[in-house]
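# Results of the structural survey
Listed below, chain by chain, are the residues.
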Amino acid sequence: MQKCERSRGGLLVVENKNSLIRNDLKFKNQIEVKYYDQLKWLLQNRSIKSFEVRPSFQLWAEGEYEFPFQYTPDFKVVNLDSSVDVIDLKNMEWEDFVKIKRELKERFSCNLSCITYDEKYKWIDREKLSKWRDL
């Protein structure tokens, strides 16, 4: 996990755009790299306060004999109004998405979004994309 904050002297140096490594962080795919670059740009242009790569949250498992588990989304973004968005870059929402979303909202005051990249709509929440495609 690496936290990136706005600094007076600018931001970190951008490396090769085709690489899956940025600022000593290794990413799983180009979509993560692209979103990381977008967050760096937003931070540099003072559109967000800060962001973290692969933050970790300890969530409660449902069921009598289950233990808490670590949930690690792709990004955590602190907005200018101090609200917090948790971002998971996925092509589809997974089975436990609604439960995790509810717990993050209740316990950590975070909004969880499943974001994807679409050529027409660019960065978009999966819920909105599926609604728009149905129109």
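Residues numbered from 1 in each chain as written. Predicted model: local features only at pLDDT ≥ 70, side-chain atom pairs only at ≥ 80, totals over all residues. Heavy atoms only, no water.

A tally of helices and strands in the protein yields 3 helices and 10 strands. Secondary structure elements of the protein occur, N-terminal to C-terminal, as β-β-β-α-β-β-β-β-β-α-β-β-α. A burial count over the protein gives 36% of its 135 residues as buried. Excluding contacts between residues fewer than 6 apart, the proportion of contacts in the protein whose partners are at least 24 apart in sequence is 48%. For the protein, the exposed surface amounts to about 8900 Å²; the carbon and sulfur share of it is 50%. (Helix = DSSP H or I, 4+ residues; strand = E, 2+ residues; numbered from the N terminus. Buried < 20%, exposed > 50% of the residue type's maximum accessible area, 1.4 Å probe, protein only. Contact = heavy atoms within 4.5 Å. Areas by Shrake-Rupley, 256 points an atom, 1.4 Å probe, with all protein chains shown as cover.)

What follows deals with the confidence of the model for the protein. Per-chain confidence: the protein averages 80 in pLDDT, with 76% of residues scoring 70 or above. For the protein, the element scoring lowest by mean pLDDT is strand β1 (residues 2-5), at 52; strand β7 (residues 75-79) scores highest, at 97. Contacts of residues 6-16 to residues separated by more than four positions or lying in other chains number 22 contacts, the stretch itself having pLDDT below 50. (pLDDT = per-residue confidence, 0-100.)

The next point concerns the pattern of salt bridges. Counted by the stated rule, this structure contains 6 salt bridges. A salt bridge links aspartate 37 to arginine 22; the shortest N-O distance between them is 3.0 Å. Remark: arginine 22 occurs in strand β2 (residues 21-22) and aspartate 37 occurs in helix α1 (residues 30-44); sequence separation between them is 15 residues. In this pair, the class of aspartate 37 matches that of arginine 22, namely buried. Close ionic contact of aspartate 74 with lysine 28 constitutes a salt bridge, the shortest N to O distance being 4.0 Å. Of the two residues, aspartate 74 sits in the loop between β6 (69-71) and β7 while lysine 28 sits in the loop between β3 (25-26) and α1, which places them 46 residues apart along the sequence. Residue classification places aspartate 74 among the buried residues on the basis of a relative accessible area of 5%. Among the ionic contacts, a cluster of salt bridges with common partners joins Lys28, Glu32 and Asp74. (Salt bridge = Lys/Arg side-chain N within 4 Å of Asp/Glu carboxyl O.)

Positionally, lysine 76 belongs in strand β7. Taking C-alpha positions, lysine 76 is 9.1 Å from leucine 112, a pair spaced 36 residues apart along the chain. Ignoring sequence-local partners within four residues, the contact set of lysine 76 consists of Ser50, Phe51, Glu52, Pro55, Phe57, Val84, Asp85 and Val86.

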